[in-house]
Amino acid sequence: MTDSGEEQQILRILSWNVNGFNRKRNEVLRHLSLLKADIVFLQETHVGPDRIYSTGSVKIQDLECDYNMAAFTVFKGNSRGVAVLFKKNLGCGGFSVKGDLKGRFIIISCQIWGHDFVFINVYNSNEEKIRFAEFTQIVTHIPPSAYLVVGGDFNTVMDADLDKTSNLRNRSHRKSFDALQSFLETLSLVDVWRCLFPEVKSFTYFDGKGQSRLDYFFLQSSNLSSVTACKIHERPKYSEKEEYISDHAPLSIQIQTCGPKWQFDSCLLEDKACMEHLSSTIKKMSQINTRKKEYLWPGVKVRLICEAIVLQRRLKLSRCSDAIELPREVEPMDQGGCPGSESSIEVLQTPNTSSQSLLNFLNHLHQTGRFDDIKSTLITVLTEPVSRKEILVAVLSLPQSESPTEDGLTVHFYKHYGCKITDLLQAFFNQIFDLKPIKNAVFESLSQDKYDHTYSYDIQYHCSPMAIINVDHKILALILAARLNGVIKHILNPGQSKQHTSVQHCIRDQTPALIISLKLDPEALKWPYLFNSLKSVNLPDRFTSVLKLLLMTDHRSHGLRVGCPLTPLLISICLLPLVNSINCENGSLGPEVQGETLKSVINEDTALVFLSNSNEALERFEKMLIDFIETSGFIIDEQCSEVYKAGSSGLSLSKDKLKFFKRVDDGCCGVVQEKMFVDPS
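Residues numbered from 1 in each chain as written. Predicted model: local features only at pLDDT ≥ 70, side-chain atom pairs only at ≥ 80, totals over all residues. Heavy atoms only, no water.

Before going further, it helps to examine the overall build of the protein. From N to C terminus, the protein includes 20 helices and 23 strands. Expressed as a percentage of its 681 residues, the buried residues of the protein come to 54%. Restricting the contact set of the protein to residue pairs at least 6 apart, pairs at least 24 apart contribute 74%. Of the roughly 30,700 Å² of accessible surface on the protein, a fraction of 47% belongs to carbon and sulfur atoms. (Helix = DSSP H or I, 4+ residues; strand = E, 2+ residues; numbered from the N terminus. Buried < 20%, exposed > 50% of the residue type's maximum accessible area, 1.4 Å probe, protein only. Contact = heavy atoms within 4.5 Å. Areas by Shrake-Rupley, 256 points an atom, 1.4 Å probe, with all protein chains shown as cover.)

This is how it looks when you write it as structure tokens:
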């Protein structure tokens, strides 16, 4: 472990097929001490049974070196076997070890530095391949907050063009690859090396037929941003002879679990050479032809930070970070020019119709009874693939900021490289729209309490690539808010283009009434109430799923976040049941204006309620409000919720009535009209 900051903690994990541990023990341990790994995955340890340990058991021992805890699977003295080694003073606890009877994998759960980890070390033997469909069911009950680290020798190449030099075809490879790929997709695991270096050829296995990359570290896409390095090391030789210790090269990964994340320094953008190099990296990676383009952007972010640290050191800037080593195969800084201007943003597609035109069209369809066409239009508007224009508009609308983010990239970076990263972001966001639910058998549920705030934080969202509130999160939230804003009025009041114009008549005619402005604190909202409200307005399932994913990124938080562009729109939807209850009340709650009984209006995140000049109306409203608060979890914002008396009201408000509302003196209704009741159409 190396601390580059006072509280920064970086875990170094190494994987190495040693092709026999006991007979070359000293050489293996000597090289491990040079590489300074905290945790080591070993494959082909060739540990067989003895008087104490039988075949299929797990052998726990202290190696009496840098590693004081090692867990070995016991199989045969000449084949298979895996082990996980833990460095001294690592502070591990809560160990749970499960080994394969056939020596092909070991699963260890533990806590390190206050974080849950699940380590899975795999040797996918050619003699007896792992059945990954069954293996998936073995990997159960993983804590939602845990780092899942899967590594080892899988005896399978992931990319035939990049991961091997031999042209020989292996007929059994396709079946092995498909099974492994299904396992990775089920657990939302990504190949860390290939995510960071999608254009690089580098190998971990060497024989007379050629070279291959068979050794991997897989992390869940949601944890990719915690990676600070991934390296294929040189194949080590014996200390006293020229022979190699193994036919495999070690592979290492670094994960930052705590401490300040290195942040992209905007000063780098002022250096022409740095700017051109980073632009070249983005361009090369965005043009890569891969089946998994959605994983390019998370990998690009980590790669850019790694390269920026190297550039920053070259420029001798004041701040420093832990060493991030780039592979030998990475090309030196590209001195070529960067085409185009960073500040010129092209209009990449024909502008969409305005929100008002769309609203009028939806209202027309509703009035003519064409409900299937309404559904089709809503699905198209809300769930169509994210466009490059939407991304650019969202990026440009972000408030300028250089504040630290969890993945290290600032708003300033996005604005600077906006036109270059749209393709990468587009594939990344559209992957989120295409997420498929994961089988519930894989992970245990977070909570059985249906009213808990973490309710519905299910497998799909746990494995989501949108795992932290960063600039990507803000961009997608803006895109979803813009789409929802275009149809929200139709959702709340279908078929009515102009709502409640008689509100202005109420104010102007000074009809005796109480006018209540109800403002709510979004952070107390209960998830079940929100999701039931979304369901009640028939939003497309696909759009609702993305909303859930985005809202529950930080599953530790309660309710909606203040400042998120989606929050006012979602509060409007949550207010709809209350407003419907008021409007459907058999008695006349509100005053009569020009033959119409006026009761309530939703204005963004505020409900406006109109009560007739009677204690009976007030009592009925109070009961509805209490039921709504108890069910939804909302808390009334006492600072922004107000009650007005319009016209010649003889109703006196006792202290126990509407106690959460500020009283506004008579005669202030003109202010209400100006702020709240101007018809937006």
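The discussion continues.
Okay, empty space enclosed by the protein next. For the structure on display, the rule yields 2 cavities of 30 Å³ or more. A volume near 70 Å³ is recorded for the second largest cavity. Lining the second largest cavity, in full, are His473, Trp527, Leu550, Leu551, Gly559, Leu560, Arg561, Cys564 and Leu566. Partitioning the lining of the second largest cavity into residue classes produces 6 nonpolar, 2 polar and 1 charged. (1 Å grid on protein atoms, 1.4 Å probe; cavity = no way out; pocket = protein on both sides within 12 Å on 5 of 7 lines; lining within 4 Å. Points joined across faces, edges and corners; volume = space filled by probe spheres on them. Nonpolar A, V, L, I, M, F, W, Y, C, P; charged D, E, K, R; others polar.)

So, on to the environment of Ile573. Locating Ile573 in the fold gives a position in helix α18 (residues 567-583). Sequence-wise, Ile573 and Ile602 are 29 residues apart; in three dimensions their C-alpha atoms are separated by 9.0 Å. Residues within four places of Ile573 in sequence aside, it is in contact with Leu484, Ile488, Leu492, Ser533, Leu534, Val537 and Leu539.

Helix length check: helix α7 (residues 355-367) (13 residues) gives 18 Å between terminal C-alpha atoms against 18 Å at 1.5 Å per residue, within 8%. In this structure, the buried residues of α7 make contact with α8 (371-383) and α14 (488-492). Directly beyond the C-terminal end of α7, a positive phi value near 75° is found at Gly369. (Expected span 1.5 Å × (residues − 1).)

If you look at the biggest cluster of nonpolar residues, it comprises 102 residues, and the most contacted ones within it are Tyr414, Phe429, Ile475, Leu484, Leu530 and Leu539. For this core, the element with the most residues is α18, which contributes 10 residues. Ala71, Val200, Ile253 and Tyr295 belong to the second largest nonpolar core, which has 40 residues in total. (Core = buried A, V, L, I, M, F, W, Y, C linked by side-chain atoms within 4.5 Å.)

What follows deals with the sheet that holds strand β15 (residues 251-258). Spatially, β3-β4-β5-β2-β1-β15-β14 is the arrangement adopted by the 7 strands of the open sheet, whose pairing is mixed. Looking along the sheet, the strands with just one partner apiece sit at the ends: β3 (58-61) and β14 (227-232). Across this sheet, the average inter-strand angle for adjacent strands is 15°, counted without regard to direction. Along the sheet, helix α1 (residues 25-35) contacts β1 (9-17), β2 (39-43), β3, β4 (67-73) and β5 (82-87); its crossing angle with β1, the most-contacted strand, is approximately 150°. (Pairing = 2+ DSSP bridges. Axes fitted to C-alpha atoms, helices over the stretch in contact; angles between N-to-C directions.)

This part takes up the packing of aromatic side chains. Counted according to the given criterion, the structure contains 21 aromatic pairs. Ring plane angle 25° and centroid distance 5.4 Å describe the contact between Tyr216 and Phe218, whose orientation is recorded as stacked. On the basis of relative accessibility, which here comes to 0%, the residue Tyr216 falls in the buried class. Over the ring of Tyr244 we find Arg235, and its NZ or CZ is 3.7 Å from the ring centre. Here the guanidinium or amino end of Lys548 rests over the ring plane of Phe531, the centre of that ring lying 4.8 Å away. (Phe/Tyr/Trp six-rings, centres within 6.5 Å; stacked < 30°, edge-to-face > 60°. Lys NZ or Arg CZ within 6 Å of the ring centre and 35° of its normal.)

Moving on, we get to the packing of helix α13 (residues 471-485) against helix α17 (residues 541-551). Remark: α13 packs on α17, axes separated minimally by 11 Å, with the N-to-C direction vectors making an angle of 145°. In the packing of α13 onto α17, the handedness of the crossing is left-handed. Each of His473, Leu476, Ala477, Leu480 and Leu484 in α13 lies in contact with α17, whose residues at this interface are Phe543, Val546, Leu547 and Leu550. Per-class residue counts for the contact of α13 with α17 are 8 nonpolar, 1 polar and no charged. (Left-handed = near helix turned anticlockwise from the far one by under 90°.)

This part is about the sheet that holds strand β8 (residues 115-123). One open sheet holds the 6 strands; their spatial order is β6-β7-β8-β9-β13-β10, and the pairing between them is mixed. The sheet is open, and its two edges are formed by β6 (92-99) and β10 (189-191), each paired on a single side. Within the sheet, the average angular offset between the axes of one strand and its neighbour, ignoring direction, is 20°.

A word on the side chain of Asn121. With respect to the helices, strands and loops of the structure, Asn121 is situated in strand β8. A distance of 2.8 Å separates the side chain of Asn121 from the backbone oxygen of Ala83, its partner in a polar contact. Setting aside anything within four residues of it in sequence, one finds Asn121 in contact with Phe41, Leu42, Gln43, Val82, Ala83, Val84, Arg104, Phe105, Ile106, Gly151 and Gly152. (Polar contact = N/O pair within 3.5 Å; in protein donor to acceptor, adjacent residues only side chain to side chain.)

A separate point is the pairing of β4. Counting buried residues along β4, 6 of its 7 residues qualify, which places the element largely inside the surrounding structure. Strand direction decides the pairing type here: β3 and β4, joined by 4 bridges, are antiparallel. For Val58, the partnering residue across the bridge sits in β4 and is Thr73. The turn linking β3 back onto β4 is made up of 5 residues, and Glu64 within it adopts a positive phi angle of 55°.

To continue, consider the pattern of salt bridges. One pass over the full model with this rule turns up 19 salt bridges. The shortest N-O distance in the salt bridge between Glu128 and Lys102 comes to 2.4 Å. A residue pair is termed long-range when its members are at least 10 positions apart, and Glu128 in the loop between β8 and α2 (132-138) and Lys102 in the loop between β6 and β7 (105-112) qualify at 26 residues. Residue Lys102 is classed as partly exposed on the basis of its relative accessible area of 33%. Three or more residues joined by partner-sharing salt bridges are found here, namely Arg80, Lys102, Glu127 and Glu128. (Salt bridge = Lys/Arg side-chain N within 4 Å of Asp/Glu carboxyl O.)

Before going further, it helps to examine unusual backbone geometry. A positive phi angle is found at Lys36, which is not glycine, with a value near 55°. Relative to the helices and strands, Lys36 is located in the loop between α1 and β2. The backbone of Asn155 shows a phi angle near 50°, a positive value even though the residue is not glycine. Note on placement: Asn155 falls in the loop between β9 (147-153) and α3 (173-186). A residue is classified by how much of its surface remains accessible, and Asn155, at 18% relative accessible area, is buried.

Let's shift gears to the side chain of Thr186. Considering the arrangement of structural elements, one finds Thr186 in helix α3. Look at Thr186 and you get buried, because its relative accessible area is 18%. In terms of polar contacts, Thr186 uses its side chain to reach the backbone carbonyl oxygen of Ser182, at 2.8 Å.

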